[in-house]
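Survey of secondary and tertiary structure
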Amino acid sequence: MDLDDSPQEAGFRRNVRAWLRDHLTEERRLQLNAREGRAWIDFIRHWQRDLLAAGLSVRSWPRAYGGQGAPATEDLIVFEELAQADAPLDAFRVGIRIIGPMLMKLARDDQKAAFLPRIADGSDLWSQGFSEPGAGSDLAALSTRAVHRAGKYVINGQKTWNTLGHLADFCLVLARTNPEVPKHKGLTAFAVPMSSPGITVRPLQQMNGRRDFNEIFFDDVELPENAVVGIVDGGWKVAVTMLDFEHRGLAVLGFGCRRLYGRLLELARTTRIGSSNRAALGELDIRRRLAALGGQARIAVLNNHRFLAMIPEGGVPGPEAAIQKLHSTELNKAMHALALEIASLADLADSEARERLSAWEEDYLTSFGMTIAGGTSQIQRNIIAERALGLPR
Amino acid sequence: MRFAFSEEQELIRKSAGELASRLARISDCRDFAAGKEPFSAALWQGLAETGFTGALIPESHGGSALGMVEAGNVLEVLGGSLSSVPYLGTCVLAAEIIEELGSDAQRDEWLPGIASGGLTVSVLGLLQPATGATGSARGRWAPVLCAAGVDILLVRVEDGANQWFIVLPPDSAHLVVEPMVTMDRSRRFAAVRLNDCLIAKIQRLAAPLQPALVSRLQAMAAAGAAAEMLGVATRVLDMACAYATERQQFGRPIATFQAIKHMIADQAVALEGLRSAVWAALWTIDHKPAQAVVAAALAKATADEVATRLAVESIQIHGGMGFTAEVDAHLYLKRAQLDRILWAPAHFHQEILARYLEDLA
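Residues numbered from 1 in each chain as written. Chains lettered and ligands numbered in written order. Predicted model: local features only at pLDDT ≥ 70, side-chain atom pairs only at ≥ 80, totals over all residues. Heavy atoms only, no water.

What to know about the overall build of chain B
From N to C terminus, chain B includes 13 helices and eight strands. By the compact-globule yardstick of 21 Å for 361 residues, chain B fits well, its C-alpha radius of gyration being 20 Å. Burial analysis of chain B (361 residues in total) assigns 60% to the buried set. In chain B, once contacts between residues fewer than 6 apart in sequence are set aside, the share between residues at least 24 apart is 74%. Of the roughly 14300 Å² that chain B leaves accessible, carbon and sulfur atoms contribute 53%. Taking the average location of the 30 positive side-chain charges in chain B and that of its 39 negative ones, the two points are 6 Å from each other. (Helix = DSSP H or I, 4+ residues; strand = E, 2+ residues; numbered from the N terminus. Rg over C-alpha atoms; globule rule 2.2 N^0.38 Å. Buried < 20%, exposed > 50% of the residue type's maximum accessible area, 1.4 Å probe, protein only. Contact = heavy atoms within 4.5 Å. Areas by Shrake-Rupley, 256 points an atom, 1.4 Å probe, with all protein chains shown as cover. Lys, Arg positive; Asp, Glu negative; His and termini not counted. Charge placed at Lys NZ, Arg CZ, Asp CG, Glu CD.)

Laid out in structure tokens, this is it:
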């Protein structure tokens with residue numbers, strides 16, 4: 001057991017920090033926050049290219065696909081340092097952490113060669129077409145159809161909760177190819193170019209005021225046979241593999257929780273209660289609650305390190321990823337609730353205090369999405385109980 | 001970075017588990033409660049034969065010079081099997097104290113005895129030393145594990161600016177050792193009083209005790225106790241899963257009801273967090289002494305919350321059977337409740353974390 005970086009890991013971490021110090025400038029952050037839509041995505045795309053050029057993205061991928069063939073620990077170090085540096089929201093995470101790793105396990109060689117390098121360097125933005133109005137937690141009940149006709153697949157149906165689909169180049173769509181068999185057995189995954197005729201994207205307004213996700217309508221969208229990912233009627237395996245990687249990807253939020261804890265302490269230190277001169281950080285009740293959340297944030301980081309050691313190099317994360325996902329997303333929500341509470345203790349007649357509260361309000365509302373996206377906390381509990389503990393369904 | 005046990009450490013876990021499955025079965029725990037032994041001599045003998053009693057003792061004194069990670073692995077197994085032995089006090093705390101503060105002659109006298117299983121020790125005053133007028137000391141402590149059944153007591157005393165460990169047999173005229181009966185019958189506890197005494201007249205370890213060692217010992221006690229509680233919580237979750245799978249109501253296993261299933265899933269999340277906190281604390285004591293206080297406080301504060309909660313919920317999951325003495329669930333609840341207060345008062349470690357918020361970051 002060794003919880004310390006090895007000399008090589010420590011050297012790598014120093015390099016990552018130095019690079020972030022030089023490249024994640026205040027100016028760059030300001031520009032990022034000022035942009036929306038395509039301009040925002042283009043900005044993130046540049047950031048992704050810079051990361052890749054510096055060897056700080058997809059390090060554990062094979063060299064042929066744009067990676068460095070490095071051990072997975074180095075990816076984890078990059079995630080940790082990006083979180084500590086408050087790096088820009090990772091718009092390409094669906095491609096990099098979910099679809100890319102799945103393609104490596106299940107796609108054909110020609111698909112890997114065509115898609116992976118362009119995911120790695122930010123050329124292609126991918127989104128996920130899983131949920132439907134009638135199939136959320138019960139994903140396998142989805143009703144979007146893909147009919148095989150004259151050497152082509154024709155897709156009809158509707159997807160929802162599709163993150164960044166309005167800006168994406170590709171969508172990984174799960175559709176029903178065989179309605180005659182039990183629901184998990186008749187699904188197939190397709191790589192769908194978003195430029196295909198018959199696709200309509202309608203953005204949804206979220207409770208935090210942002211428009212990150214969408215409904216997508218498919219009207220007689222025609223795809224060649226080679227758009228199938230994995231095997232025909234084998235789409236459930238694609239979906240489950242992606243969900244495992246997704247839980248893993250969201251679990252990186254554990255590192256975000258540590259960073260958030262630092263921001264919470266800073267907030268409590270600088271917030272005066274009402275018009276008094278007492279800092280929120282001086283209140284015993286606040287200190288106890290901060291201690292409980294700070295302890296859990298440290299545990300989330302330790303879990304990330306420990307669970308990484310449980311996955312064989314290049315393997316698919318197991319049900320323990322659901323434990324990380326549930327723990328870190330619920331913790332993230334609890335931490336934002338305390339932040340909102342502390343920010344609202346201030347004298348709100350003061351304009352700076354109001355601005356600060358308003359910034360925390362947006363983050364607070366955003367935190368609600370994480371315990372729903374990628375499988376609700378309730379679905380995570382089913383996965384943990386059935387797959388990790390072996391309880392009956 | 002590799003947060004996983006080495007092959008040697010896995011072997012220790014396995015071998016400790018095998019020992020417990022032979023000598024610390026749940027029937028042994030029930031027999032112990034009904035008997036008079038101060039602790040299970042048979043299990044202690046087994047721990048000595050496998051070399052576990054000497055885990056922290058240098059090789060020159062008959063031990064195997066391992067670390068807190070290894071001793072913690074043994075403690076985890078001992079906690080999970082509800083064993084009665086004074087391993088934490090003797091083989092962890094006393095071993096460390098005598099090694100650090102004993103003269104050559106004192107180390108030669110006691111360390112081989114600990115390593116061979118021939119000497120058992122209780123340590124008193126880790127949080128509250130005995131104090132008094134200059135040159136004298138007195139104090140009271142409870143609950144103290146095995147105080148009446150060990151060979152010697154090491155008592156921390158404070159004399160002005162100096163601190164020492166004095167050495168007393170349990171039947172010393174300076175001591176009053178009263179049995180303390182608690183709900184937890186898997187071990188024997190006592191309330192101990194040290195009557196006002198002149199420190200200079202009592203045998204003591206040669207070197208004075210420094211504050212850094214006090215912190216280290218408190219961290220070892222907290223992490224060690226947390227490791228025992230991790231063992232308890234692991235066993236409790238296993239039992240809850242087994243019962244919820246086997247017990248049928250409304251024509252199906254109760255584990256298929258989400259009221260039960262989700263309770264158990266949340267327990268698994270809490271238990272995995274406890275594992276991370278405890279194992280990291282054990283490692284930190286061995287490798288990052290300056291960070292040990294906070295790491296150990298996190299482990300123990302988490303253990304207090306998680307082990308108790310799992311044991312409480314386990315009674316509910318076992319339903320009417322859980323309320324009987326026949327099913328073992330209550331034994332773990334009682335154990336966890338005493339573990340919570342054995343080495344420090346309730347909430348002590350939460351308060352440490354609340355004091356060191358910056359160090360948690």
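Some points on the sheet that holds strand E6 (residues 189-198) of chain B
All names here are of chain B. Within the open sheet, the three strands sit side by side as E2-E6-E5. Their pairing is antiparallel. Edge strands, defined here as strands with exactly one partner in the open sheet, are strand E2 (136-145) and strand E5 (175-180). In this sheet, adjacent strand axes meet at a mean angle of 10 degrees when their direction is disregarded. Where E2 meets E6, seven bridges bridge the pair, whose relative direction is antiparallel. Paired with Leu-145 across the strands is Phe-189, a residue of E6. Sitting on the sheet, helix H11 (residues 329-342) is in contact with E2 and E6, with an inclination near 160 degrees to E2. (Pairing = 2+ DSSP bridges. Axes fitted to C-alpha atoms, helices over the stretch in contact; angles between N-to-C directions.)

Quick word on the pairing of strand E7 (residues 213-224) of chain A
Remember that side chains alternate between the two faces of the sheet whenever the strand is regular. Residues and elements named next belong to chain A. As paired strands, strand E3 (residues 152-163) and E7 are joined by nine bridges and run antiparallel to one another. Bridge assignment links Ile-155 to a residue of E7, and that residue is Val-221. In terms of strand pairing, strand E6 (residues 199-203) meets E7 through five bridges, oriented antiparallel. Counted as the bridge partner of Ile-199 is Phe-218 from E7.

Concerning the sheet that holds strand E1 (residues 121-124) of chain B
Residue and element names in this part refer to chain B. The mixed open sheet is built from three strands, whose spatial order is E1-E3-E4. Both outer strands of the open sheet, E1 and strand E4 (162-168), are each paired with one neighbouring strand and no more. Direction aside, the axes of adjacent strands within the sheet are offset by 25 degrees on average. Where E1 and strand E3 (residues 152-159) come together, four bridges link them in parallel fashion. The partner of Val-121 across the bridge, within E3, is Ile-152. Helix H5 (residues 87-101) rests against E1, E3 and E4 of the sheet, and its axis sits at about 75 degrees to E1.

Observations concerning the pattern of salt bridges
All names here are of chain A. A full pass over the atoms with the stated rule returns 45 salt bridges over all chains. With a shortest N-O distance of 3.6 Å, Asp-109 and Lys-112 are connected by a salt bridge. Of this pair, Asp-109 and Lys-112 are both found in helix H6 (residues 109-120), three residues apart, which corresponds to roughly one turn of the helix. Asp-109 sits in the exposed class, given a relative accessible area of 57%. One salt bridge connects Arg-387 with Asp-244, and the closest N-O pair in it is separated by 3.1 Å. One end of the pair, Arg-387, is in helix H12 (residues 377-388); the other, Asp-244, is in helix H7 (residues 235-251), with 143 residues separating them in the sequence. (Salt bridge = Lys/Arg side-chain N within 4 Å of Asp/Glu carboxyl O.)

Focus: the environment of A:Glu132
Residue and element names in this part refer to chain A. Inspection of the secondary structure assignment puts Glu-132 in the loop between strand E1 (126-129) and strand E2 (145-149). The buried category is assigned to Glu-132, whose relative accessible area is 5%. Distance from Glu-132 to Asn-162, taken between C-alpha atoms, is 9.4 Å for residues 30 residues apart in sequence. In this view, Glu-132 contacts Leu-142, Ser-143, Thr-144, Gln-158, Lys-159 and Thr-160; residues no more than four positions away in its chain are not counted. Of note is the side chain of Glu-132, whose polar atom sits 2.6 Å from the side chain of Thr-144. Side chain to side chain, Glu-132 and Lys-159 meet in a polar contact 2.9 Å long. (Polar contact = N/O pair within 3.5 Å; in protein donor to acceptor, adjacent residues only side chain to side chain.)

Overview of the side chain of A:Asn332
Residues and elements named next belong to chain A. Inspection of the secondary structure assignment puts Asn-332 in helix H10 (residues 320-343). Residue classification places Asn-332 among the buried positions, given a relative accessible area of 6%. Here Asn-332 is in contact with Leu-253, Cys-257, Leu-260, Ser-367 and Met-370, once residues within four sequence places are set aside.

Points about the domain arrangement of chain B
You'll often see interface size given as the accessible area lost when the parts meet. Residue and element names in this part refer to chain B. What the domain assignment reports for chain B is domain 1 (7-116), domain 2 (121-201) and domain 3 (211-360). For domain 2 and domain 3, the distance between their C-alpha centres works out to 28 Å. Contacts between the two partners involve 13 residues from domain 2, matched on the other side by 16 residues from domain 3. When the two sides are added together, the surface that domain 2 and domain 3 hide from each other amounts to roughly 1300 Å², 73% of it contributed by carbon and sulfur. When the buried surface of domain 2 facing domain 3 is broken down by residue, Leu-126, Leu-127 and Arg-187 rank first, second and third, together holding 45% of it. Taken together, domain 2 and domain 3 are joined by one salt bridge. Here Arg-187 makes a salt bridge to Asp-339, at a shortest N to O gap of 2.9 Å. Across the domain 2-domain 3 interface, the total number found is four residue pairs in polar contact (both at pLDDT 80 or more). Those elements giving two or more residues to the side of domain 2 that touches domain 3 turn out to be E2 and E4. Looking at the side of domain 2 that touches domain 3, its residues break down into seven nonpolar, three polar and three charged. (Domains from an automatic or database assignment. Buried area = accessible area lost by both parts, 1.4 Å probe. Nonpolar A, V, L, I, M, F, W, Y, C, P; charged D, E, K, R; others polar.)

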